[in-house]
Amino acid sequence: MRQSFFCRVMHIAALFVASTLTIVQAQDFPAKSIAIIVPHSAGGTSDILARTIAAEASKTLKQQIVVENKGGANGTIAAKQVVAAPPDGYTLLLATASTHGINPTLYTNLPYDAVKDFKPITLLATVPNVLVVGRSLKDKVNNLQELLAYIKSQGDKANMSSSGAGTPGHLAGEMMKSATKVQFTHVPYKGGNPAQADLVGGQVDFMFTTIPGAIGLIKAGTLKPLAVTSPQRSPALPDVPTMAEQGLPGFQALSWHGILAPANTPDATVAILNKAFTQALHSPEVKERLAKEGAAAADLNTEAFRAFIAKEVANWSQAVKSSGATAN
């Protein structure tokens, strides 16, 4: 009995010490630089947003926030790295619609659980996609219904480019196909730039792409925007109606970016990070940058962001299944 009592006392003492250490560590947080792992290469929308937010949030945290680009496998490489990192708040993931909306259905053996393996910090921004046409159609169609009429007239010969199978742009097209019963051929490319280049050149008919990725060509008149995929019109393209306004109620296909930490990161640390990133989102510099990128700030607390991720997985699931796309 004495031995049993002693073991219980030691167990309680160990729990007390561990709890105390966690509290102390959280109180000292951050004591060194923080890394945000971005699942895409430098120069893209994700990278630009991460660096803009990092520069501003570091002022509040009084520590440098380093952005590390770790592209590949539709974001799974970056996400896996963060899952394996110590849950101390010093290694964070810039999560996206791909890593935490599409991948759970797209990958048959995803090396992480999009909900259980992460602790949400905050949703940073949502970025609408825009439906655009290039040289072959920009003088022929002026809105979504005219594009759909053209596609129907072509049988299955009309084609849509995308930055790759299973990407938000590809799946937005699958959503449109399912909602309208039109048929067209999907032409996947290895990235957004070559997909847009062939659209500009007239080799393909249309595509869904992010507003930041297309807005330069739209302003130059090289691409014509027909619709945005957000519930409301985008301030970056205020004259372009939504898909819902043009006969597809409830249509939504958003790209988004948020900050996640490994699952067991202390709540106190999460609260500190949430406050820093939320303050950064409301700074004039970040607001201006988001507006230029066609993004909308969307700070959410931990539980609201967790619910958002679960909803995104469900939202993209049907599109992934309809497309027939899979990855290993």
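Look a little higher up for the structure.
Because the structure is a prediction, the values reported are computed rather than measured.

Undergrad: Which parts of the structure should I look at to understand the nonpolar core?
TA: As a rule of thumb, nonpolar side chains are buried together in soluble globular proteins. Counting residues in each nonpolar core, the largest one holds 52 residues, and the members touching the most others are Leu131, Ile151, Met176, Phe206 and Met243. Here this core gets six residues from one element, more than from any other, and that element is helix H11 (residues 302–323). Among all residues touching Leu131, those that are not within four sequence positions of it are Leu144, Leu147, Met176, Phe206, Met207, Phe208, Lys224, Pro225, Leu226, Ala227 and Met243. Core analysis: the second largest hydrophobic core is formed by 30 residues, Ala57, Val127, Leu281 and Val286 among them.

Undergrad: I keep staring at the packing of helix H4 (residues 97–106) against H11 and nothing clicks. Help me out?
TA: Packed helices, taken two at a time, are described by the angle their axes make and the gap between the axes. The geometry of H4 relative to H11 is characterised by a closest axis approach of 8 Å and an angle of 50° between their N-to-C directions. On the basis of their axis angle, the class for H4 and H11 is oblique. In terms of crossing hand, the pair formed by H4 and H11 is right-handed. When H4 is examined against H11, the residues Ala97, His100, Gly101, Ile102, Pro104, Thr105 and Leu106 are found in contact with a partner set consisting of Ile309, Glu312, Val313, Trp316, Ser317, Val320 and Lys321.

Undergrad: Would you take a moment to explain unusual backbone geometry for this structure?
TA: When glycine is set aside, most residues are seen to have a negative phi, and most peptide bonds are trans. In this structure, Pro30 follows Phe29 across a cis peptide bond, with omega equal to -5°. One can find Pro30 in the loop between helix H1 (2–28) and strand S1 (34–38). One non-glycine residue, Lys62, lies in the positive phi region at around 60°. In this fold, Lys62 is placed in the loop between helix H2 (45–61) and strand S2 (65–69).

Undergrad: Please explain the packing of helix H6 (residues 168–180) against H11 as it appears in this structure.
TA: The interhelical angle for the contact between H6 and H11, taken along N-to-C directions, is 80°, at an axis separation of 9 Å. In terms of their interaxial angle, H6 and H11 are classed as roughly perpendicular. Within the contact between the two elements, H6 uses Pro168, His170, Leu171, Ala172, Glu174 and Met175 and H11 uses Asn315, Trp316, Ala319, Val320, Ser322 and Ser323. When the residues that make up the contact of H6 with H11 are grouped by side-chain class, the tally is seven nonpolar, four polar and one charged.

About the thresholds
- Residues numbered from 1 in each chain as written.
- Predicted model: local features only at pLDDT ≥ 70, side-chain atom pairs only at ≥ 80, totals over all residues.
- Heavy atoms only, no water.
- Core = buried A, V, L, I, M, F, W, Y, C linked by side-chain atoms within 4.5 Å.
- Buried < 20%, exposed > 50% of the residue type's maximum accessible area, 1.4 Å probe, protein only.
- Helix = DSSP H or I, 4+ residues; strand = E, 2+ residues; numbered from the N terminus.
- Contact = heavy atoms within 4.5 Å.
- Axes fitted to C-alpha atoms, helices over the stretch in contact; angles between N-to-C directions.
- Parallel < 35°, antiparallel > 145°, perpendicular 65-115°, else oblique.
- Left-handed = near helix turned anticlockwise from the far one by under 90°.
- Nonpolar A, V, L, I, M, F, W, Y, C, P; charged D, E, K, R; others polar.

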